[in-house]
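Structural description and commentary
Below are the chains, spelled out letter by letter.
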There are 2 protein chains.
Amino acid sequence: MAASATREKIVTAADRLFYERGFEYTSFADVAAVVGISRGNFYYHFRTKDEILVAVIERRIKDRHAMLEGWVAQGKSPRECLASFISILTVNAAKIRAYGCPVGTLFSELSKLNHPQEAGARALFDLFRHWLRQRFEDMGHGAEADALAMQLLARSQGAASLANAYPDDAFLAREVDQMMAWLDTVADPATIPS
Amino acid sequence: MAASATREKIVTAADRLFYERGFEYTSFADVAAVVGISRGNFYYHFRTKDEILVAVIERRIKDRHAMLEGWVAQGKSPRECLASFISILTVNAAKIRAYGCPVGTLFSELSKLNHPQEAGARALFDLFRHWLRQRFEDMGHGAEADALAMQLLARSQGAASLANAYPDDAFLAREVDQMMAWLDTVADPATIPS
DNA sequence: GTCTATACCTGGATAGAC
DNA sequence: GTCTATCCAGGTATAGAC
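The residue count restarts for each chain, going from 1 along the sequence in the order it is written. By the order in which they are written, chains take letters starting at A while ligands take numbers starting at 1. Where totals are concerned, whole chains, interfaces and linings use all residues; where local detail is concerned, this predicted model gives features only for residues with pLDDT of at least 70, and gives and counts side-chain atom pairs only at 80 or more. In computing side-chain properties, one takes all heavy atoms of the structure into account and sets aside hydrogens as well as water.

Concerning the interface of chain A and chain B
Stated formally: The contact criterion used throughout is that any non-hydrogen atoms of two residues lie within 4.5 Å. By buried area we mean how much accessible surface two parts lose on assembly, using a 1.4 Å probe and totalling the loss over both. What qualifies as a polar contact is a pair of N or O atoms within 3.5 Å, subject to a donor-acceptor requirement within protein and to the restriction that residues adjacent in sequence count only when both atoms come from side chains. Strands are runs of DSSP state E lasting at least 2 residues, helices are runs of H or I lasting at least 4, and numbering of each runs from the N terminus.
With 38 residues of chain A in contact, the opposing surface of chain B contributes 38 residues. Summed over both partners, the interface of chain A with chain B buries about 3,100 Å², with 57% contributed by carbon and sulfur atoms. The largest per-residue losses of area from chain A upon contact with chain B belong to Lys112(A), Met150(A) and Tyr166(A), which jointly make up 23% of the total buried on that side. Our count for the chain A to chain B interface comes out at 12 residue pairs in polar contact (both at pLDDT 80 or more). Broken down by secondary-structure element, the contributors of at least two residues to the side of chain A that touches chain B are helix 1 (5–21), helix 6 (93–99), helix 7 (102–113), helix 8 (118–138), helix 9 (145–165) and helix 10 (169–187) of chain A. At 13 residues, helix 9 of chain A tops the list of elements feeding residues into the side of chain A that touches chain B.

Some words on the pattern of salt bridges
For side chains of opposite charge, pairing can occur when their charged atoms come near one another. Residues and elements named next belong to chain A. What counts, and what does not: What counts as a salt bridge is simple: a side-chain nitrogen of Lys or Arg found within 4 Å of a carboxyl oxygen of Asp or Glu. Note on exposure labels: buried denotes an accessible area under 20% of the residue type's maximum, exposed denotes more than 50%, and partly exposed covers the range between, all computed with a 1.4 Å probe on protein chains only.
Scanning all chains against the criterion turns up 22 salt bridges over all chains. Two residues, Arg-133 and Glu-137, come together in a salt bridge whose shortest N-O distance is 3.9 Å. Of this pair, Arg-133 and Glu-137 are both found in helix 8, 4 residues apart, which corresponds to roughly one turn of the helix. Here Glu-137 falls in the partly exposed class, since its relative accessible area comes to 33%.

Remarks on the UniProt feature "DNA-binding region" (unreviewed entry) in chain A
Definition in use: UniProt positions are given in the numbering used here, feature names are shortened, and annotations may be inferred rather than shown by experiment.
Here, the residues flagged by UniProt with the feature "DNA-binding region" (unreviewed entry) are residues 27–46 of chain A. Secondary structure over residues 27–46 of chain A splits into 75% helix and 0% strand, and the C-alpha atoms at its two ends are 14 Å apart.

Quick word on unusual backbone geometry
All names here are of chain A. For Asn-114, which is not a glycine, the phi torsion comes out positive at approximately 55°. Relative to the helices and strands, Asn-114 is located in the loop between helix 7 and helix 8. By relative accessible area, Asn-114 is classed as exposed at 66%.

Written out as structure tokens, the structure is:
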């Protein structure tokens, strides 16, 4: 678990390449080339490719957790937090159009491969799901908070998928606007049937 | 282009395996095993793996086109047609929970591979997009018909993605209900701002 | 049209020198 | 900690017999 500099570089490079090219399609040679080390050196830091995947997923969970909790720590209201979540689609628009959602596409790939780390990828989804649910609960929603979280997660996944298929600036902006408008309608729980 | 029985069997098997395991992760040996032929025999029918992919995409386009136009030919109203589209999520729920959306996951994979047939996968999306747009136009929508088509496509993609991540019966049913309710709100163009 | 045999390459993984 | 050399499995593709 010692975080050597080379190890960190490997995880950083793998994180990017797994996102841009997918896990299966990224070879050790690819990662080694980016990091600037030999393929053999790899195995000093990671015994198998799966170990790198585990490290990448851990890294992503840590990053996203820090981002989400950072908003809370900044004192944002539940509603502002949800708006910030939706804004991810705007902030990362260029990457999403090029490569899709890092969470969704990783899960999709590992699911098809029947990879043991499918559970790890689901944990990434869980992180968002639970955080969103907490925000809806803080907003006054009770039993339906998890359903609202799933609904918002689904919409953002769908927007990311289609933005990837149709790299059209206007589409993603429109989806974000609609999600923000939807957020207004659920901001007052009285307007939403449970 | 002669549609020999063996060739058809290969396309059928590849279609299923590309969906269940993904394109890259499906080997010739896998397909050959399902069809019950030798690997060598393969190359009599298809010179490369990409040629099989082209045939699979053609097959999927043909199938989906027949399904969509079949609804129109049955005399369904634009609104009934859109409801039938939404119902795909219910009819194919089991497969979607297990493998995701055949259109979305194929596009996502080919996009990451930078595969030439990414365009073919997009054509599959286009088929749905244009058909949906036509239904919204027939319903009285004008300039916003395409945006509505994209919106519905995005929601169904998102629902499929999350249903794959969380194989929960209730979630997909809820998403379908919400899309049907949304359909009610757009059935009368007067209620929708352009 | 279908088979077996095989060439060839890529990519994951190991051994051992430095 | 990093390197080179090498092994081995699996996957695409070809040749040629039947």
